[in-house]
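Letter by letter, the chains look like this.
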Amino acid sequence: MHTVDRFWSEAVGQEAAIETLEHVTSPEGASDLAHAWLITGPPGSGRSNLAYRFAAALIARTPDEREEVYRQVRAHTHPDLEVLTTEGSIIKIDDARHVASRSNYAPTNGRFRVILAEDADRLPERTSNTILKELEEPPATTVWVLCAPSEADLLPTISSRARSLRLVTPTQEAVARLLEERDNIAPDDAARAARLAQSHIGMAKKLATDAEARERREDTLRTVLAIGSLSDAMRAAGRLAKLAEADAQALTESRDEKEREELLRNLGLAPGAAIPMKLRAQFRELEDDQKRRAKRSVTDGIDRILTDIGSVLRDTALVALDAQQPLINEEFRTQIEALAASIGAEGVLYRLDRVAAAREQLLRNVSAALVLESLMASFLLEAPHHRKDRA
């Protein structure tokens, strides 16, 4: 495989975007390099991965340096990279100010200094205003790279100052091939993971390599498909909340411990040593950050549950309409066929509407438990027009 192709190989299905980025990071395309970029695309399309690859290609002085620079960029250790991200629901204004102040520094040993905002959609208006001036008039050797699901998720004053690069959802075949080649996943397991993840690259890898993650997903589907009464709905809501918490704990537990060990090491303290009074504030700050991350991880877990519920409803609609297309959740075909016979296509649309409403409530920071209880209870109801037809 050619060096260039190998460098971008994990950005599956994004040939048009890769062609653009390869051009503007080459000497021949230097005049077409914008000072700010907005990379958008659906969940799982690889926005962050492509953004980090782009950052490495900008910083590296030669194509041969790209892989080594990428390793440093991905670890957030390269001196010419600043990353603006968050473990909470929004990016804090102090973090934005810090990064904005460093955007005027000249590159240390690369071609460009890159400011990368992984969660630009989490920039509230006041925080956005702190980086607006830097986006308008950056130094010639600084490039901003913002990531968000869509342009609509940012203030127009931000999105209008960046060149947009839209990613697409990769095919299941492309995701499966990546899992086989990059992660040594068996072909059948890779294909199944790509199908269940609906081409979400990160989730596909998790489902292919983590048996507990697969079981949590199957538990979610079994729970939702078994709802037949109000008591079932309330038990389902509680069960799904516990599954989201277990998923979040699996993601954060080992990372939290590593962060604490690293802080101890950086402060010259032995594991298990008493924390001096003058250093306790740093540990409290770390614990507060970890609590915010844990809360966000639970919310993200519930969002994944809603995605899985949506996949069941998509399958139910196909069966109800006799569409003769492959199901995402083929393993649950019998239960899905029973649901389709019970609620019909109109009932599916009603439930999909309820799932969308649940997502909106999560964005408004409504209690996750209340969101799930409301959603599960609504599944006992039918769309008014559908109920009328059956009367």
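The sections below set out a description of the structure shown in this document. (Residues numbered from 1 in each chain as written. Predicted model: local features only at pLDDT ≥ 70, side-chain atom pairs only at ≥ 80, totals over all residues. Heavy atoms only, no water.)

### A short note on the environment of Thr 141
By the element assignment, Thr 141 lies in the loop between α6 (125–136) and β4 (142–148). On the basis of relative accessibility, which here comes to 32%, the residue Thr 141 falls in the partly exposed class. Apart from residues no more than four positions distant in its own chain, Thr 141 is found in contact with Pro 107, Arg 111, Phe 112 and Arg 113. (Helix = DSSP H or I, 4+ residues; strand = E, 2+ residues; numbered from the N terminus. Buried < 20%, exposed > 50% of the residue type's maximum accessible area, 1.4 Å probe, protein only. Contact = heavy atoms within 4.5 Å.)

### So, the side chain of Asp 315
Position of Asp 315 among the secondary structure elements: in helix α13 (residues 280–320). Once you skip the residues sitting within four places of it in the chain, Asp 315 turns out to touch Leu 327, Ile 328, Asn 329 and Ile 336.

### A look at the pattern of salt bridges
Per the counting criterion, the structure on display carries 27 salt bridges. Between Lys 205 and Asp 183 there is a salt bridge; the shortest N-O distance is 3.8 Å. Here Lys 205, found in helix α10 (residues 201–209), pairs with Asp 183, found in helix α8 (residues 172–183); they are 22 residues apart in sequence, far enough to count as distant. In this structure, the salt-bridge partner of Arg 222 is Glu 218, at a minimum N-O distance of 3.9 Å. Here Arg 222 and its partner Glu 218 are both found in helix α11 (residues 211–225), four residues apart, which amounts to about one turn of the helix. Within this structure, Glu 10, Arg 53, Glu 67, Arg 182, Asp 183 and Lys 205 form a network of salt bridges that share partners. (Salt bridge = Lys/Arg side-chain N within 4 Å of Asp/Glu carboxyl O.)

### So, empty space enclosed by the protein
One water molecule sets the probe size; rolling that probe over the atoms shows where empty space is left. Enumeration over the complete set of coordinates arrives at three cavities of 30 Å³ or more. In this structure, the largest cavity occupies an estimated 170 Å³ of space. At the level of secondary structure, the elements contributing two or more residues to the lining of the largest cavity comprise α10, α11, α12 (230–266) and α13. Residues that form the lining of the largest cavity fall into these classes: seven nonpolar, two polar and six charged. When its volume is computed, the second largest cavity comes out at roughly 40 Å³. As for the second largest cavity, its lining consists of Val 224, Leu 225, Ile 309, Val 312, Leu 313, Leu 339 and Arg 351. Within the residue set of the lining of the second largest cavity, elements represented by two or more residues are α11, α13 and α14 (333–363). The element that contributes the greatest number of residues to the lining of the second largest cavity is α13, accounting for three residues. (1 Å grid on protein atoms, 1.4 Å probe; cavity = no way out; pocket = protein on both sides within 12 Å on 5 of 7 lines; lining within 4 Å. Points joined across faces, edges and corners; volume = space filled by probe spheres on them. Nonpolar A, V, L, I, M, F, W, Y, C, P; charged D, E, K, R; others polar.)

### Some details on the pairing of strand β2 (residues 81–84)
Every second residue of β2 is oriented toward a common face, with Leu 81 and Val 83 on one face and Glu 82 and Leu 84 on the other, all of them buried. Alignment of β2 against strand β3 (residues 113–117), held across four bridges, turns out to be parallel. Looking across to β3, one finds that Val 83 is bridged to Leu 116. (Pairing = 2+ DSSP bridges.)

### Observations concerning the pairing of strand β1 (residues 36–40)
Counting buried residues along β1, five of its five residues qualify, which places the element largely inside the surrounding structure. In the sheet, β1 pairs with β4 via five bridges, with the strands oriented parallel. Each bridged residue has a counterpart across the sheet, and for Leu 38 the counterpart in β4 is Leu 146. Sheet topology places β1 next to strand β5 (residues 163–166); four bridges connect them, and they run parallel. Following the sheet pairing, Trp 37 is matched in β5 by Arg 163.

### A few points about the nonpolar core
Counting 33 residues, the largest nonpolar core has Leu 33, Leu 50, Phe 54, Val 73, Leu 81 and Val 145 as its most contacted members. Every element with two or more residues in this core is listed here: α2 (15–24), β1, α3 (47–59), α4 (66–74), β2, β3 and β4. For this core, the element with the highest residue contribution is α3, accounting for nine residues. Each residue touching Phe 54, except ones within four places of it in the same chain, is listed here: Trp 8, Leu 21, Val 24, Thr 25, Leu 33, Trp 37 and Val 145. Of all hydrophobic cores here, the second largest spans 26 residues; its members include Ile 227, Leu 240, Ala 358 and Met 376. (Core = buried A, V, L, I, M, F, W, Y, C linked by side-chain atoms within 4.5 Å.)

### What about a negative patch on the surface?
Residues Glu 180, Glu 181, Asp 188 and Asp 189 make up a contiguous surface patch of negative charge. Elements represented by at least two residues in the negative patch include exactly α8 and α9 (187–196). (Patch = residues over 30% accessible without salt bridge, like charges linked within 9 Å, V, L, I, M, F, W, Y side chains within 5 Å. Areas by Shrake-Rupley, 256 points an atom, 1.4 Å probe, with all protein chains shown as cover. Lys, Arg positive; Asp, Glu negative; His and termini not counted. Charge placed at Lys NZ, Arg CZ, Asp CG, Glu CD.)

### Structural notes on the packing of aromatic side chains
This model, assessed by the stated rule, comprises three aromatic pairs. Taking the centre distance of 6.4 Å and the plane angle of 85 degrees together, the rings of Phe 7 and Tyr 70 count as edge-to-face. With a gap of 63 residues between them, Phe 7 in helix α1 (residues 3–7) and Tyr 70 in helix α4 connect regions that are remote in the sequence. Across the pair, Tyr 70 and Phe 7 agree in class, each one buried. Considering the side-chain rings of Trp 37 and Phe 54, the 5.4 Å spacing of their centres and the 80 degrees angle between planes classify their relative orientation as edge-to-face. Pair noted here: Trp 37 is in strand β1 and Phe 54 is in helix α3, with a separation of 17 residues, a long-range link. An aromatic cluster is defined as three or more aromatic residues linked by ring pairs; in this entry it consists of Phe 7, Trp 8 and Tyr 70. Lying across the ring of Phe 7, Arg 53 places its NZ or CZ 5.0 Å from the centre. Between the NZ or CZ atom of Arg 66 and the centre of the ring of Phe 7, over which it lies, the distance is 5.2 Å. (Phe/Tyr/Trp six-rings, centres within 6.5 Å; stacked < 30°, edge-to-face > 60°. Lys NZ or Arg CZ within 6 Å of the ring centre and 35° of its normal.)

### Looking at the sheet that holds β1
Taking strand neighbours across the sheet as the criterion, the five strands line up as β2-β3-β4-β1-β5 in an open arrangement whose pairing is parallel. Strands with a single pairing partner mark the edges of an open sheet, and in this sheet they are β2 and β5. Averaged over all pairs of adjacent strands, the angle between their axes in this sheet comes to 20 degrees, without regard to strand direction. (Axes fitted to C-alpha atoms, helices over the stretch in contact; angles between N-to-C directions.)

### What about the side chain of Asp 80?
Of note, Asp 80 is situated in the loop between α4 and β2. Overall, the relative accessible area of 0% leaves Asp 80 in the buried class. A distance of 2.4 Å separates the side chain of Asp 80 from the backbone nitrogen of Thr 108, its partner in a polar contact. Residues within four places of Asp 80 in sequence aside, it is in contact with Ile 59, Pro 107, Thr 108, Asn 109, Gly 110, Phe 112, Arg 113 and Val 114. (Polar contact = N/O pair within 3.5 Å; in protein donor to acceptor, adjacent residues only side chain to side chain.)

Shape descriptors only; they carry no functional weight alone.
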